[in-house]
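Each chain is listed here by its residues.
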Amino acid sequence: MMNKLLKYECLAVGRILVPIWAGTAVFALLAAMIGRLDSVLSGTVGTPVSAVLESFFQILTALFLFATIAACVVLNIQRFYKLLGDQGYLMFSLPAAPWQHMAAKLLCACGSTIASILICIGCTWMANADGEAEAAQTVSQQFSLQSSIGTVFLVVQMVLAMISAYLYLYLCMAIGSRWPQQRMLASIVTYFVLGFALQMAFVLLFALAAIAMTHLPQSVLDGWTRFFLEMSLHGEMVAGIMAGSVLLLFALADGILWAVTHRLISKNLNLP
Amino acid sequence: MMQVIYQAKGLCKRYGHKTALDNVNFEILPGRLVGLLGPNGSGKTTLLKLSAGLLSPNAGQILIGGQVPGVATKAITSYLPDRMALPVEMRVDDVVALFADFYADFDMPKASRMLADLKLDPRQRIGTMSKGTQEKMELCLAMSRAAKLYLLDEPLGGVDPAAREYILNTILRNYNEDAAVVISTHLVEDVERMLDEVLILKEGQLLTHRPVDELREESGMSLDEYFRTTFRV
């Protein structure tokens, strides 16, 4: 069932996103071609015309790049919102468990977002053909500074952060769907109120931790200071621990967001 | 002895402080056409949503083929909601393929025949159809399954008399005869001739559940008259 849900989800998302991806690629290609023409005609009468055209297509490409990411995010939000609306009567009648619906939507959302980002990066390189070599060099330099494990950490962290972002949006929509009317407004209000409440909760938590630390015996504080000074001599290990902690935090947040949203759509589903 | 296909035991559902269903108990045998009747707000849609697994009860339980509503019961239950739930951006053949993919009991030739009768172009988008055609298509898809239980929520709601006749004929000609059919409606007169049993809900409670012939004999009234008399304000 999961594969089938994923297939229909990808088809529905692809129907809208593929033409946008294609449009972006076409404009990037045109910008690159005119850029090449401009460099060939350098110093001749054609230069101003080709330079204007190149700028025009580069602006169009930039607009398409923005539209690609925006359309991808909006479309994936809309797909989940529809699941909690009239389409839910069809989808939740299918012989599939609620977690499978959620997982299919989430996998498709993350997959299409990653694909959109990769296409945008590719198009940016294509449109900016002159700076391509320079950009490639900069990126390779950046990556060579980090170990391959560090790069993997960074990528995993970005994926987990993206999952968190989508799951947070799903949770807000699931809470918003509890309202009998004005569900979209309720979802938007939930997004801001819940976000603010979580921020305040973390600030309070850190403040309480700081206050608690002032009450610790001096010997404990001295011990910690020695520990951190010692750790500072092992920069890579500290970086590894920090990166691991961040991954664990994201994974924990993802787990909590998933569990609460799943509970809402399985036990407390409230279709209009 | 024939095994019960549907069983509601002490079923209760509340929305906040409002009780939608209050201790509802009944059983349905296979092969029966059951009318689920009651005025607005009596709990008909809630009962069908609970049966389709779209809601969870506060107390009591429903058993369909001996199982609580879930993935297994959804595979043997054909549910027609009281609204258009098909994705408007999809084409006719996409939705048919979706049903064929997810339901093992979906009869593709039957669906194609029924949709051809409606003169629907397989490449037509659902969003471009009239509301009436969308509802008919939804009904055709629901009735193209060889399900063990059909739950039809207001299939006659908001359609003209000619469409009503089409809908009733579609139900009668296409349901699996070993299955039970539950039809919720206000339009008692239209469905009276086809029903074997009637379930009448009043303010969330089961007022009566009995064969239609028995009710007619005992009350000396048609089902429509009985309904009007019971719910006269």
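Quick caveat: nothing in here was measured; it's all calculated off a predicted structure.

## Considerations on the overall build of chain B
In terms of regular secondary structure, chain B is built from nine helices and nine strands. In terms of overall dimensions, chain B is globule-like: its C-alpha atoms have a radius of gyration of 18 Å, near the 17 Å expected for 233 residues. Along the first, second and third principal axes, the C-alpha atoms of chain B reach 50 × 40 × 35 Å. Of all 233 residues assigned to chain B, the portion counted as buried reaches 51%. Taking the intrachain contacts of chain B between residues at least 6 apart in sequence as the baseline, contacts between residues at least 24 apart amount to 69%. Between the averaged position of the 27 positive side-chain charges in chain B and that of its 31 negative side-chain charges there is a distance of 5 Å.

## Brief notes about the packing of helix α6 (residues 148-176) of chain A against helix α9 (residues 235-266) of chain A
Residues and elements named next belong to chain A. At a minimum axis separation of 9 Å, α6 and α9 run at an interaxial angle of 25°. If you check the angle between α6 and α9, you find them roughly parallel. Between α6 and α9 the crossing geometry is left-handed. Residues that form the contact of α6 with α9 fall into these classes: 22 nonpolar, four polar and one charged.

## Quick word on the sheet that holds strand β6 (residues 149-153) of chain B
All names here are of chain B. Read from one edge to the other, the open sheet built from six strands follows the order β5-β6-β7-β3-β8-β9, with strand pairing classed as mixed. Two strands close off the open sheet at either side, each with one partner strand: β5 (77-80) and β9 (205-211). Taken pair by pair, the neighbouring strands of this sheet meet at an average axis angle of 15°, ignoring direction.

## What about the interface of chain A and chain B?
Tallying the contact residues gives 24 residues for chain A and 26 residues for chain B. For the pairing of chain A and chain B, the buried interface totals around 2,300 Å² over both sides, and the portion due to carbon and sulfur atoms is 59%. The three residues of chain A that bury the most area against chain B are Y8(A), Y89(A) and L90(A), which together make up 28% of that side's buried surface. Summed over the shared surface of chain A and chain B, the number is five salt bridges. At the junction of chain A with chain B, the criterion picks out 12 residue pairs in polar contact (both at pLDDT 80 or more). Mapped onto the side of chain A that touches chain B, the elements with two or more residues apiece are α1 (2-40), α2 (47-83) and α3 (87-91) of chain A. Top contributing element to the side of chain A that touches chain B by residue count: α1(A), with five residues. Here the residues of the side of chain A that touches chain B sort into 13 nonpolar, four polar and seven charged.

## A few points about the pattern of salt bridges
Side chains that differ in sign of charge can pair as their charged atoms come close. Under the criterion given, the structure shown has 17 salt bridges over all chains. With a closest N to O distance of 3.2 Å, R164(B) and D190(B) form a salt bridge. Taken together, the residues span a long stretch of sequence, with R164(B) in helix α6 (residues 161-174) and D190(B) in helix α7 (residues 188-191) at a distance of 26 residues. Close ionic contact of R210(B) with E218(B) constitutes a salt bridge, the shortest N to O distance being 2.4 Å. One continuous salt-bridge network, built from bridges that share partners, spans E9(A), R79(A), K82(A), K105(A) and E89(B).

## Quick notes on the environment of A59(B)
All names here are of chain B. Relative to the helices and strands, A59 resides in strand β4 (residues 59-64). Note: C-alpha distance between A59 and R91 (32 residues apart in sequence) is 41 Å. The residues touching A59, leaving out its near neighbours within four places in the chain, are G10, L11 and C12.

## Comments concerning the confidence of the model for chain B
Close reading of the predicted structure is inappropriate where its pLDDT is low. Mean pLDDT over chain B works out to 89, with 99% of the residues at or above the 70 mark. Two numbers describe this predicted complex: its pTM, 0.86, and its ipTM, 0.90.

## Re the nonpolar core
Residues Y6(B), I28(B), L86(B), F99(B), M137(B) and I171(B) are the most contacted members of the largest nonpolar core, which totals 120 residues. No other element matches α6(A), which puts 12 residues into this core. Residues in contact with Y6(B), not counting those within four places in the same chain, are F26(B), E27(B), I28(B), L47(B), S51(B), I62(B), L63(B), I64(B) and L149(B). Formed by nine residues, the second largest nonpolar core is a distinct cluster that contains F27(A), A28(A), L65(A) and C123(A).

## A word on unusual backbone geometry
Residues and elements named next belong to chain B. Positive phi values are uncommon outside glycine, yet N23 reaches one of about 50°. At E203, a position not held by glycine, the phi torsion is positive, near 50°. Secondary-structure assignment places E203 in the loop between β8 (197-202) and β9.

Quick notes on the rules
Residues numbered from 1 in each chain as written. Chains lettered and ligands numbered in written order. Predicted model: local features only at pLDDT ≥ 70, side-chain atom pairs only at ≥ 80, totals over all residues. Heavy atoms only, no water. Helix = DSSP H or I, 4+ residues; strand = E, 2+ residues; numbered from the N terminus. Rg over C-alpha atoms; globule rule 2.2 N^0.38 Å. Buried < 20%, exposed > 50% of the residue type's maximum accessible area, 1.4 Å probe, protein only. Contact = heavy atoms within 4.5 Å. Lys, Arg positive; Asp, Glu negative; His and termini not counted. Charge placed at Lys NZ, Arg CZ, Asp CG, Glu CD. Axes fitted to C-alpha atoms, helices over the stretch in contact; angles between N-to-C directions. Parallel < 35°, antiparallel > 145°, perpendicular 65-115°, else oblique. Left-handed = near helix turned anticlockwise from the far one by under 90°. Nonpolar A, V, L, I, M, F, W, Y, C, P; charged D, E, K, R; others polar. Pairing = 2+ DSSP bridges. Buried area = accessible area lost by both parts, 1.4 Å probe. Salt bridge = Lys/Arg side-chain N within 4 Å of Asp/Glu carboxyl O. Polar contact = N/O pair within 3.5 Å; in protein donor to acceptor, adjacent residues only side chain to side chain. pLDDT = per-residue confidence, 0-100. Core = buried A, V, L, I, M, F, W, Y, C linked by side-chain atoms within 4.5 Å.

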